[in-house]
Amino acid sequence: MAALGRMAPRVGRSLLLPGGTREAAVGRRGVRALRRSPVKVLPSQKERREAAAAEEKKSPREPPPPPPPAVERGLAGPRLWYEKADLGDKRLGKVVTIAKSKKFRDHHRKVLLEGQRLIKDALEAGAVLQTLFFSTVGHLKELPEANLKGASLVKVKFEDIKIWSDLVTPQGLLGIFSKPDHAKMSYPAAQLASSLPLLLICDNIRDPGNLGTILRSAAGAGCEKVLLTKGCVDPWEPKVLRAGMGAHFRLPIVANLDWEAVPSNLPASIQVCVADNKDPGTEAESMSVPRGAARAASAPVKSKPQTAPEHEDEEGVESVYIPELATQYYYENWTQTPVAVVIGGETHGLSLDALHLAASTGGKRLVIPVVPGVDSLNSAIAAAIVLFEGKRQLLQRHKQKDERQKLPVV
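Fair warning: this is a prediction, and the values are worked out from it, not measured in the lab.

Chemist: Explain the sheet that holds strand β15 (residues 339–344) to me, using residue names and the numbers behind them.
Modeler: Judged by pairing direction, the sheet is parallel, and its 7 strands sit side by side in the order β9-β8-β7-β15-β10-β16-β14 without closing on themselves. Each end of this open sheet is capped by a strand with a single partner; those strands are β9 (253–257) and β14 (326–329). Across the sheet, the mean angle from the axis of one strand to that of its neighbour is 25°, orientation sign disregarded. Bridging between β14 and strand β16 (residues 364–367) involves 4 bridges; their strand directions are parallel. Bridged to Ala 326 within β16 is Lys 364. Against the sheet, helix α13 (residues 352–360) contacts β7 (198–203), β10 (271–276), β15 and β16, and its axis sits at roughly 135° relative to β10.

Printed below as a string of structure tokens:
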């Protein structure tokens, strides 16, 4: 016991000594272990999937935004940015497709315009520009800046535009527009002020250059509207646009009409005349046409009724009665308010539908006399002659009416 008594003070002193004994070292390791972070117990894979599904239901994940296109951009004016096309840009290939495929134009409702004047006329008339290809920034300054905003402006090399252009001397400016709607266009005020109660109906005009020239003449004469029946060439074909010289954006053009829909696009109490090469004074006669090529108009015919039934000759061609129309020279008085003129194509001429429509309105045949032996005139030339003569007669009639109103009343 005495020995134990003597050992107890030494053990107590050893526990109190700092860092000197084994027991003290064990104590310090225990403290460090308590300071470490506790072990984290991970949930099972099934629990993680369930938690992720619940989180996704609460807030569905949005797809990450696409990376910005790696294109070089430039500034053409205040808030007017354009991009520089890389070599082999596929958008230029669409230009050729739109220009040469009517099916593509009708399906995608797009048209191609080329040149500074045509694009400017389209923008001012309210046509919607989608993509504009240009070779120099100076081209943009020649166009109305407000109408360029919202469109995709692409700067390309002039050599690339020259490859796709149909012009001999390209201007370095190509525009893809939404197909214009005549009901939504805003035509120039000067054109509207000069508009006359004179309309034009194109019947089987299939040559692009002729149709473009006819539209240009109609705009110059002050026509109120132009109607194109089925069988005419597409007015938005590049050759028609070039020959029209902006006429597409100066007066309404209603295309691809059935003859049954033509009267609904004409004013009431209108007289329809046809430009023809038949000599005045000759009587109506039967004409051989392919079976099914003509249909009688739904409106009643006021001219000579058909007395003989249709018959079939040896070649399987039906003989169809042509309604009788009064025939006169184009420079004689034939204008009434309003009046419409039908111009037929060079190959097929006037259709029987056009003749029936003219007969139902009390219309006339208008003849442009030519030297005997000379064939009929080009349809574009004939349209210009008849339309400007109609304009002359209408203006003269209005002038005489104004003079009569100015005379003092006795």
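Chemist: Tell me about the environment of Asn 210, and name the residues and values.
Modeler: By the secondary structure assignment, Asn 210 is in helix α11 (residues 208–221). Remark: the alpha-carbon pair of Asn 210 and Gly 345, spanning 135 residues in sequence, is separated by 9.1 Å. Beyond its immediate chain neighbours, meaning those up to four positions away, Asn 210 contacts Ile 205, Glu 346, Asn 378, Ser 379 and Ala 380.

Chemist: Give me the lowdown on the side chain of Ser 135, citing residues and values where you can.
Modeler: Secondary-structure assignment places Ser 135 in the loop between β4 (129–134) and α7 (138–141). Assessed through its relative accessible area of 10%, Ser 135 is described here as buried. In contact with Ser 135, other than residues within four places in its own chain, are Lys 155, Val 156, Phe 158, Ile 161 and Gly 172.

Chemist: Go over a nonpolar patch on the surface, please, and point to the residues and values.
Modeler: There is a patch of nonpolar side chains on the surface, built from Val 370, Val 371, Val 374, Leu 377 and Ile 381 and spanning about 410 Å² of accessible area. Looking at the element boundaries, Ile 381 is found in helix α14 (residues 379–406). Taking the relative accessible area as the measure of exposure, Ile 381 reaches 45% and is therefore partly exposed.

Chemist: Can you tell me about the packing of aromatic side chains, naming the residues and giving the values?
Modeler: The full count for this structure, using the stated rule, is 4 aromatic pairs. With a centroid separation of 5.5 Å and an interplanar angle of 80°, the aromatic rings of Tyr 82 and Phe 134 are classed as edge-to-face. Of this pair, Tyr 82 sits in strand β2 (residues 80–84) while Phe 134 sits in strand β4, and the two are 52 residues apart along the sequence. Here Phe 134 falls in the buried class, since its relative accessible area comes to 0%. Centre to centre, the rings of Tyr 329 and Tyr 331 are 5.4 Å apart; their planes meet at 10°, and the pair counts as stacked. Residue Tyr 329 is classed as partly exposed on the basis of its relative accessible area, which comes to 28%. On the accessibility criterion, Tyr 331 (44% relative accessible area) is partly exposed. Ring-pair connections join several aromatic residues into one group, and the members of that group are Tyr 329, Tyr 330 and Tyr 331.

Chemist: Can you explain the environment of Arg 109? Please cite residues and give values.
Modeler: Here Arg 109 lies in the loop between α5 (102–108) and β3 (110–114). Look at Arg 109 and you get partly exposed, because its relative accessible area is 46%. Along the backbone, Arg 109 and Ile 98 are 11 residues apart, and their C-alpha atoms lie at a distance of 9.7 Å. Ignoring sequence-local partners within four residues, the contact set of Arg 109 consists of Phe 104, Phe 177, Ser 178 and Lys 179.

Chemist: An account of the pattern of salt bridges is requested, with residue identities and associated values reported.
Modeler: Tallied over the entire structure, the rule returns 6 salt bridges. Put simply, Asp 106 and Lys 102 hold a salt bridge, and the shortest N to O gap is 2.6 Å. Here Asp 106 and its partner Lys 102 are both found in helix α5, 4 residues apart, which amounts to about one turn of the helix. Overlapping salt bridges, with partners in common, bring together Lys 102, Asp 106 and Lys 179 in one network.

Chemist: So what's going on with the confidence of the model for the chain? Residues and values would help.
Modeler: The predicted model of the chain has a mean per-residue pLDDT of 79, with 72% of residues at 70 or higher. Low pLDDT, under 50, characterises residues 66–70; the predicted model gives this stretch 0 contacts beyond four residues in sequence or across chains. pLDDT under 50 marks residues 281–314. Its contacts with residues more than four places away, or in other chains, come to 51 contacts.

Cut-offs and rules
Residues numbered from 1 in each chain as written. Predicted model: local features only at pLDDT ≥ 70, side-chain atom pairs only at ≥ 80, totals over all residues. Heavy atoms only, no water. Pairing = 2+ DSSP bridges. Helix = DSSP H or I, 4+ residues; strand = E, 2+ residues; numbered from the N terminus. Axes fitted to C-alpha atoms, helices over the stretch in contact; angles between N-to-C directions. Contact = heavy atoms within 4.5 Å. Buried < 20%, exposed > 50% of the residue type's maximum accessible area, 1.4 Å probe, protein only. Patch = residues over 30% accessible without salt bridge, like charges linked within 9 Å, V, L, I, M, F, W, Y side chains within 5 Å. Areas by Shrake-Rupley, 256 points an atom, 1.4 Å probe, with all protein chains shown as cover. Salt bridge = Lys/Arg side-chain N within 4 Å of Asp/Glu carboxyl O. Phe/Tyr/Trp six-rings, centres within 6.5 Å; stacked < 30°, edge-to-face > 60°. pLDDT = per-residue confidence, 0-100.

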